[in-house]
Amino acid sequence: MIVNETLKIIKQRRSIRSFKDEQIKEEELQAVLEAGLYAPNAGDQAWHFTVIQDKKLLNKLNIAAKEAAKHHDLGHLKELGIDETFNCLYGAPTLVIVSGNEQSPIPLDADCAAATQNLLLAAESIGLGSCWIFFVLLAFYSSQGPELRKELKIPEGYKPYYSAVFGYKKDTIIYVPDRKPDLITYIR
């Protein structure tokens, strides 16, 4: 089997849900963001990254997302919205929201997903923990959604598609589940 540093990072990356309070270093943040900018795309790089490191704003996003979740049809999301101990950002000090230009002729969710994956892999490669977060995007569907878009300076015409949190891992032992069998079909 071929093994190199990139393949090793892909295999060891895991969603981290327990972070130290310490903010990540600026050079680490810039390395992660640069990796996102180099993601595959349909040629127009129609994404925008919003970096939030302000604790009050992170808390505001968590509260708004939980408020929206309380009214969601999915029972699991509703339960998390009601749970007073749940923090959808898991205490991470940095959140990156990946938004896409809604005027782009190409479906942006794939481009924004590729950018998000690059952010996560870059984080792992430099020793940061990360977690792809859907829940916080519910904040944009809350009563505070329009206000949050302005406060976060999300460009007009851009839609928040994905988000991820970043920080230093609190736990050093990470569970790695076995991969399911029979997920590949070969036609040769």
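Before any of the text, the structure's been laid out above.
Caption draft 1: Geometry of the overall build of the chain. The number of helices and strands found in the chain is six helices and four strands. Computed over its C-alpha atoms, the radius of gyration of the chain comes to 17 Å, within 12% of the 16 Å expected for a compact globule of 188 residues. With respect to the three principal axes, the spread of C-alpha positions in the chain is 50 × 40 × 40 Å. Looking at the chain as a whole, 43% of its 188 residues qualify as buried. Counting only contacts in the chain whose residues sit at least 6 apart along the sequence, the fraction spanning at least 24 positions is 81%. Within the chain, the 24 negative side-chain charges are centred at a point lying 3 Å from the centre of the 22 positive side-chain charges.

Caption draft 2: Just the pattern of salt bridges, in detail. Evaluated as defined, the whole model comprises five salt bridges. The partner of lysine 60 in a salt bridge is glutamate 151, with the nearest N and O atoms 2.7 Å apart. Taken together, the residues span a long stretch of sequence, with lysine 60 in helix 3 (residues 55-69) and glutamate 151 in helix 6 (residues 145-151) at a distance of 91 residues. By relative accessible area, lysine 60 is classed as partly exposed at 23%. On the accessibility criterion, glutamate 151 (37% relative accessible area) is partly exposed. Glutamate 124 is paired through a salt bridge with lysine 169; the nearest N and O atoms lie 3.2 Å apart. Of the two residues, glutamate 124 sits in helix 5 (residues 108-125) while lysine 169 sits in the segment after strand 4 (158-167), which places them 45 residues apart along the sequence. The buried category is assigned to glutamate 124, whose relative accessible area is 8%. Here the salt bridges do not stand alone but share partners, grouping Lys60, Glu147 and Glu151 into one network.

Caption draft 3: A look at the packing of aromatic side chains. Applying the stated rule across the entire model yields five aromatic pairs. Residues tryptophan 132 and tyrosine 162 carry aromatic rings whose centres are separated by 5.4 Å and whose planes lie at 85 degrees to one another, so their mutual orientation is edge-to-face. Pair noted here: tryptophan 132 is in strand 3 (residues 129-132) and tyrosine 162 is in strand 4, with a separation of 30 residues, a long-range link. Chaining the aromatic ring pairs together yields one cluster made of Phe86, Tyr90 and Phe135.

Caption draft 4: Representation of unusual backbone geometry in the model. A positive phi is found at tyrosine 90, a non-glycine position, where the angle reads about 55 degrees. Even without being glycine, lysine 153 reaches a positive phi, approximately 60 degrees. Mapped onto the elements of the fold, lysine 153 is located in the loop between helix 6 and strand 4. The class of lysine 153 is exposed, set by a relative accessible area of 67%.

Caption draft 5: Structural detail: the side chain of arginine 14. Structurally, arginine 14 is set in the loop between helix 1 (5-12) and helix 2 (26-37). Buried charge arginine 14 goes without a salt bridge, the closest partner of opposite sign being glutamate 124 at 7.9 Å. Not counting the four nearest positions on each side in its chain, arginine 14 is found in contact with Glu124, Ser130, Ile174, Tyr175, Val176, Pro177 and Arg179.

Rules used in this analysis
Residues numbered from 1 in each chain as written. Predicted model: local features only at pLDDT ≥ 70, side-chain atom pairs only at ≥ 80, totals over all residues. Heavy atoms only, no water. Helix = DSSP H or I, 4+ residues; strand = E, 2+ residues; numbered from the N terminus. Rg over C-alpha atoms; globule rule 2.2 N^0.38 Å. Buried < 20%, exposed > 50% of the residue type's maximum accessible area, 1.4 Å probe, protein only. Contact = heavy atoms within 4.5 Å. Lys, Arg positive; Asp, Glu negative; His and termini not counted. Charge placed at Lys NZ, Arg CZ, Asp CG, Glu CD. Salt bridge = Lys/Arg side-chain N within 4 Å of Asp/Glu carboxyl O. Phe/Tyr/Trp six-rings, centres within 6.5 Å; stacked < 30°, edge-to-face > 60°.

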